[in-house]
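Each chain is listed here by its residues.
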Amino acid sequence: MTSQHLRKPLRADAERTVRAILEAAERVLSADPAATMEQIAEAAGVARTTVHRRFATREALIEALTAWATEQFAAAVEISDTAPPLVVLHRVTASVLRVKLDWNYAMARAAASANPEIARVHADVIDRCDRFFRRARAEGLLRADVDLEWARRCYYALIGEVTHGGTAPDGDIDALATRIVDTLLHGLGAPR
């Protein structure tokens, strides 16, 4: 999904301003979900009128923030058909962690959004994950008898557990991705 699916394309300077507003909105709303447009404008370093010119209402700003985070999430789940499954799993896990941690407020909103385009993107992500997990099983990364829906749900739960607090516990995304992948593939039990 590109930004054109959810909003009109903008000039480069306007795009930078919108990005600054969205980044500020994420920071401010994560700290205070009741924050005002004025507080968001101040955090973005722009005038309140600039925010209102780009987003008619606070809800329009939050909807745009949710759409932006959804775009980032969809891009994070670009799955290569040529790279080895273990490499793909680690890359996608690290990319998803970055998005979910950087856009935690917006991603929580996206999960509950009634916007059909956002729902479509999330359904597409599930489909991509399911296809990847089938490939991972076929190429021997996952056991031949593994229940793929259960594996995907466990994988999502591991990511959710890491991102639930909105910050990386130790700050090292790659180490967290490695921990998630290792837990998914090897569990927590002692080797037999």
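See the structure above.
Residues numbered from 1 in each chain as written. Predicted model: local features only at pLDDT ≥ 70, side-chain atom pairs only at ≥ 80, totals over all residues. Heavy atoms only, no water.

**Q** Would you take a moment to explain the overall build of the protein for this structure?
**A** Helix and strand counts for the protein stand at 10 helices and zero strands. The order of helices and strands in the protein, counted from the N terminus, is α-α-α-α-α-α-α-α-α-α. Dimensions of the protein, computed from the C-alpha atoms along their principal axes, are close to 65 × 30 × 30 Å. Within the span of the protein, comprising 192 residues, buried residues form 40% of the whole. Restricting the contact set of the protein to residue pairs at least 6 apart, pairs at least 24 apart contribute 70%. For the protein, the exposed surface amounts to about 10,800 Å²; the carbon and sulfur share of it is 53%. The protein carries 25 positive and 26 negative side-chain charges, and their two centres are separated by 3 Å. (Helix = DSSP H or I, 4+ residues; strand = E, 2+ residues; numbered from the N terminus. Buried < 20%, exposed > 50% of the residue type's maximum accessible area, 1.4 Å probe, protein only. Contact = heavy atoms within 4.5 Å. Areas by Shrake-Rupley, 256 points an atom, 1.4 Å probe, with all protein chains shown as cover. Lys, Arg positive; Asp, Glu negative; His and termini not counted. Charge placed at Lys NZ, Arg CZ, Asp CG, Glu CD.)

**Q** What exactly am I supposed to notice about the packing of aromatic side chains here?
**A** Two numbers describe a pair of aromatic rings. These are the distance of the centres and the angle of the planes. One pass over the structure, following the stated rule, counts four aromatic pairs. Aromatic side chains Phe-133 and Tyr-155 sit 5.7 Å apart centroid to centroid with 55° between the ring planes, which places their arrangement in the tilted category. Of this pair, Phe-133 sits in helix H8 (residues 116-138) while Tyr-155 sits in helix H9 (residues 148-163), and the two are 22 residues apart along the sequence. Ring geometry for Tyr-155 against Tyr-156: centres 6.4 Å apart, planes inclined by 45°, an arrangement best described as tilted. A relative accessible area of 3% places Tyr-155 in the buried class. An aromatic cluster of at least three residues, connected via ring pairs, comprises Phe-132, Phe-133, Tyr-155 and Tyr-156. One cation-aromatic arrangement involves Lys-100 over Phe-73; the distance from NZ or CZ to the ring centre is 5.4 Å. (Phe/Tyr/Trp six-rings, centres within 6.5 Å; stacked < 30°, edge-to-face > 60°. Lys NZ or Arg CZ within 6 Å of the ring centre and 35° of its normal.)

**Q** How should I be thinking about H9 in this particular structure?
**A** Along an α-helix, residues three or four positions apart point the same way, because every turn accommodates 3.6 residues. Between its first and last C-alpha atoms H9 spans 22 Å; for 16 residues at 1.5 Å apiece the expected length is 22 Å, and the two agree. Among the residues making up H9, those that are buried are Leu-148, Ala-151, Arg-152, Tyr-155, Ile-159, Val-162 and Thr-163. Viewed end-on, H9 has its buried residues packed into an arc of 105°, placing them on one side of the element. In H9, the exposed positions angled more than 90 degrees off the buried face are occupied by Trp-150 and Glu-161. Packing partners of the buried residues in H9 comprise helix H6 (85-102), helix H7 (104-111), H8 and helix H10 (173-186). Its side-chain oxygen at 3.1 Å from the backbone nitrogen of Glu-149, Asp-147 defines the N-terminal cap of H9. (Expected span 1.5 Å × (residues − 1). Arc of directions from axis to C-beta. Polar contact = N/O pair within 3.5 Å; in protein donor to acceptor, adjacent residues only side chain to side chain.)

**Q** Can you help me understand the packing of helix H2 (residues 12-31) against helix H5 (residues 58-76) in this one?
**A** Any two packed helices are characterised by the angle at which their axes cross and by the distance between the axes. Look at H2 against H5: their axes get within 10 Å of each other, and the N-to-C directions meet at 95°. Considering their axes alone, H2 and H5 lie roughly perpendicular with respect to each other. For the pair formed by H2 and H5, the contact residues are Glu-15, Arg-19, Ile-21, Leu-22, Ala-25, Glu-26 and Leu-29 on the first element and Arg-58, Leu-61, Ile-62, Ala-64, Leu-65 and Trp-68 on the second. Of the residues assigned to the contact of H2 with H5, the class counts are nine nonpolar, no polar and four charged. (Axes fitted to C-alpha atoms, helices over the stretch in contact; angles between N-to-C directions. Parallel < 35°, antiparallel > 145°, perpendicular 65-115°, else oblique. Nonpolar A, V, L, I, M, F, W, Y, C, P; charged D, E, K, R; others polar.)

**Q** Mind showing me how you'd approach the packing of H9 against H10 here?
**A** Look at H9 against H10: their axes get within 10 Å of each other, and the N-to-C directions meet at 150°. When the interaxial angle is binned, H9 and H10 end up roughly antiparallel. Considering the relative orientation of H9 and H10, their crossing is right-handed. Packed against H9, whose contacting residues are Ala-151, Cys-154, Tyr-155, Leu-158, Ile-159 and Val-162, the element H10 presents Leu-176, Ile-180, Thr-183 and Leu-184 at the interface. Within the contact of H9 with H10, the residues separate by chemical class into nine nonpolar, one polar and no charged. (Left-handed = near helix turned anticlockwise from the far one by under 90°.)

**Q** I keep staring at the state of the cysteines and nothing clicks. Help me out?
**A** What is meant by a disulfide is a covalent connection between two cysteines, made through their sulfur atoms. This structure, assessed with the given rule, holds zero disulfides. Free cysteine Cys-154: the closest other cysteine sulfur is in Cys-129, separated by 13 Å. Residue class for Cys-154 comes out partly exposed when judged on its relative accessible area of 24%. (Disulfide = S-S within 2.5 Å.)

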